[in-house]
Amino acid sequence: MSNGEPTNLIDKNMNIPCYVCGASSFSEVLDNNPSMSSDGQIVDLTISKQECSNCGTVRSSDISFLNDFYKNYYKLNVVNNDPVYIFQGEKMLKSEMHLEWITKLVGNRIEDCKSIIEIGCGSGNLLNLFEIKDKYGVEPSEKAAKYASAIAKIRNIGYEEISEKEKYDFIFSSCVIEHTIDPNDFLQKNWHIANDNSIIVIGLPIQDTESFDVYFLDHLHHFTVNQFVYLCQKNGFTVENYEVGYKCMTTMGYFVLRKNATTLSEIKYEKNHNFYASNVWIENLNTFLKQNTSENLVAFGYGETSFFYQSYTQLNSVVNCFIDDVKAKSEENVISVEEAINKNIVKDSFLILLANPHYHEFLKEKFKTVSGLKFYSPFSNKIS
Ligand SMILES: [Zn+2]
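Labelled according to an unreviewed UniProt entry, the protein appears under the name Methyltransferase domain-containing protein, originating from Flavobacterium amnicola.

Have a look at this one:
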């Protein structure tokens, strides 16, 4: 390196074979700065991804940002991290929807479990809901661990420090494995702390449904169902049940595993379609922005979807007003729907919909009294 520091090979994935299939040939598929982190920030760090030439699994190619990221950037919201989800008019806490899904997949075997450990339990919202007698959790964030301590026996450690002598009836993690450096190591820990009859449930983003998951800086692995099932089998598990997408949680999957060696299924090359879908969405918006410079452009949404577009398109150099009822109180450049309508900000304008397409029709209804307003969705590239 030019600054005289030794190159730290551990920080690079470059010399490590594919965690899924073991092949060593990769092609670089993304290199961008700034990037978007999973806690909803645009960060001044370079995101770089590579695709395994043999099985197609996408992973981060350079993880040297991790120390800097967790020390200086990452802001895990420990206070208000159990938002209300709305699905078909029904309101539900995020934690409740997760539990409903897990219960559906595991069935009544959950009733036989006397102990549960949640790896990466955050503030403990979900762990608290399990009707299992002895609740344990590990959580690397000191602040979150402190919160969770109110509802379970919590240790402020990473999964690596769990002793292999410990055994649990139910081993659970949700959206943790994609953050680990070595997913095989994570699965091995799950294997060692399981009894033969233990239920292991792992939730993670899955690439079989449309999402921009590959554009998250701190998600280091992006598996399809087949790639993840293969990874689990390789580590001595049988996948007993799984499902991708439940209610409004369309981009993740839950997998129910049991410690039981099975014959490895064959792994074939599988393209990460999300990678290419996301690129199309980025291109859509950039082209739209270029073609409509004379229009009054306003954006709807200041959540995850919005940050994706703010990070990876020209949006922020063109649009300076966002509409979002939740963020209107706390962010300077964000206003509420009511304010946007009353102050004529959206009249004779283009409103760019930066929210899950699932909600687009619902959102359009809010603005039905506004004259001359057109809507644009970068997901479908449609004007309406
Ligand atoms: Zn591979």
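Here the narrative resumes, following the displayed structure.
J.: It is not clear to me how the overall build of the protein should be interpreted in this structure. Could you clarify?
T.: Regarding its fold elements, the protein presents 10 helices and 21 strands. Taken over the C-alpha trace, the protein has a radius of gyration of 22 Å; the compact-globule value for 384 residues is 21 Å, and the two agree within 12%. With the principal axes as the frame, the protein shows a C-alpha extent of 65 × 50 × 40 Å. The burial tally for the protein puts 52% of its 384 residues in the buried class. Here the protein has roughly 18,300 Å² of accessible surface; of this, 49% comes from carbon and sulfur atoms.

J.: Before we go on, may I ask you to explain the packing of aromatic side chains in this structure?
T.: For any two aromatic rings, the description comes down to two numbers: the centre-to-centre distance and the angle of the planes. Evaluated as defined, the whole model comprises 31 aromatic pairs. Summarising the aromatic geometry, the rings of Tyr302 and Phe307 are spaced 5.2 Å apart at their centres and angled 70 degrees between planes, so their arrangement reads as edge-to-face. Judged by relative accessible area, which is 10%, Tyr302 ranks as buried. Each residue in the set Phe212, Tyr215, Phe216, Phe275, Tyr276, Trp281, Phe308, Tyr309, Tyr312 and Phe379 is aromatic and connected to the rest through ring pairs, giving one cluster. One cation-aromatic arrangement involves Lys153 over Tyr136; the distance from NZ or CZ to the ring centre is 4.9 Å. Between Lys259 and the ring centre of Trp191, over which it is positioned, the NZ or CZ distance is 4.0 Å.

J.: What is the right way to read the environment of Pro140 from this model?
T.: Secondary-structure assignment places Pro140 in the loop between β9 (134–138) and α3 (142–148). When the C-alpha positions of Pro140 and Asn156 are compared, they lie 5.3 Å apart, and in sequence the two are 16 residues distant. Residues contacting Pro140, with those up to four places away along its chain left out, are Asn156 and Ile157.

J.: I keep staring at the sheet that holds strand β13 (residues 221–222) and nothing clicks. Help me out?
T.: Within a beta sheet, neighbouring strands are joined by backbone hydrogen bonds and run either parallel or antiparallel to one another. Across the sheet, which stays open at both edges, the 4 strands sit in the order β1-β4-β5-β13 with antiparallel pairing between neighbours. Both outer strands of the open sheet, β1 (26–32) and β13, are each paired with one neighbouring strand and no more. Pairing geometry for β1 and strand β4 (residues 47–52), over 6 bridges, is antiparallel. What sits directly across from Asp31, in β4, is Ser48.

J.: Looking at this structure, I do not really get the coordination of the zinc ion. What am I missing?
T.: A four-donor tetrahedral metal ideally has 109.5 degree angles, and a six-donor octahedral metal ideally has angles of 90 or 180 degrees. Coordination of the zinc ion by the protein involves Cys18 (SG), Cys21 (SG), Cys52 (SG) and Cys55 (SG), with metal-donor separations of 2.3 Å. Around the zinc ion, the 4 donor atoms sit at angles spanning 99 to 115 degrees, and that spread fits a shape best called tetrahedral. One chain supplies every donor for the zinc ion, spaced along it as C-x2-C-x30-C-x2-C. Grouping residues by exposure puts Cys52 and Cys55 together as buried.

J.: Any chance you could explain unusual backbone geometry here in plain terms?
T.: A cis amide bond, omega 10 degrees, links Asn33 with the succeeding residue Pro34. Following the sequence through the fold, Pro34 ends up in the loop between β1 and β2 (35–37). Residues other than glycine seldom take positive phi values, yet Cys175 does so here, at roughly 55 degrees. When you line up the elements, Cys175 lands in the loop between β11 (168–174) and α4 (183–192).

Calculation notes
Along each chain, residues carry numbers from 1 onward, in the same order as the chain's sequence is written. Where local features are concerned, this predicted model is filtered to residues with pLDDT of at least 70; where side-chain atom pairs are given and counted, the filter is 80 or more; whole-chain, interface and lining totals use all residues. Hydrogens and water molecules were not included; the side-chain quantities draw on all heavy atoms of the structure. Per the convention used, a helix needs a DSSP run of H or I reaching at least four residues, while a strand needs a run of E reaching at least two, with both numbered from the N terminus. We compute the radius of gyration over the C-alpha atoms and compare it with the globule rule, which gives 2.2 Å times the number of residues raised to the power 0.38. With a 1.4 Å probe rolled over the protein chains alone, any residue whose accessible area is under 20% of its type maximum counts as buried; one over 50% counts as exposed, and the rest are partly exposed. Accessible surface area values rest on a Shrake-Rupley calculation with a 1.4 Å probe, where residue burial reflects the displayed protein chains alone. Aromatic rings from Phe, Tyr and Trp, with only the six-membered ring used for Trp, were paired whenever their centres fell within 6.5 Å, and each pair was classed as stacked if the ring planes differed by under 30 degrees, edge-to-face if by over 60, and tilted otherwise. Distance and angle both matter: a charge sits over a ring if NZ of Lys or CZ of Arg is within 6 Å of the ring centre and within 35 degrees of the ring normal. Any pair of residues with heavy atoms lying within 4.5 Å of one another is described as a contacting pair. The rule for pairing is simple: two strands pair if DSSP sees at least two bridges between them. Metal donors were taken as nitrogen, oxygen and sulfur atoms no farther than 2.8 Å from the ion, or 3.2 Å where the ion is Na, K or Ca. Water is excluded, so coordination may look unfinished. A four-donor site is called tetrahedral if each angle lies between 85 and 135 degrees; a four-donor site is square planar, and a six-donor site octahedral, when trans pairs exceed 155 degrees and the remaining angles lie between 65 and 115; all other cases are labelled irregular.

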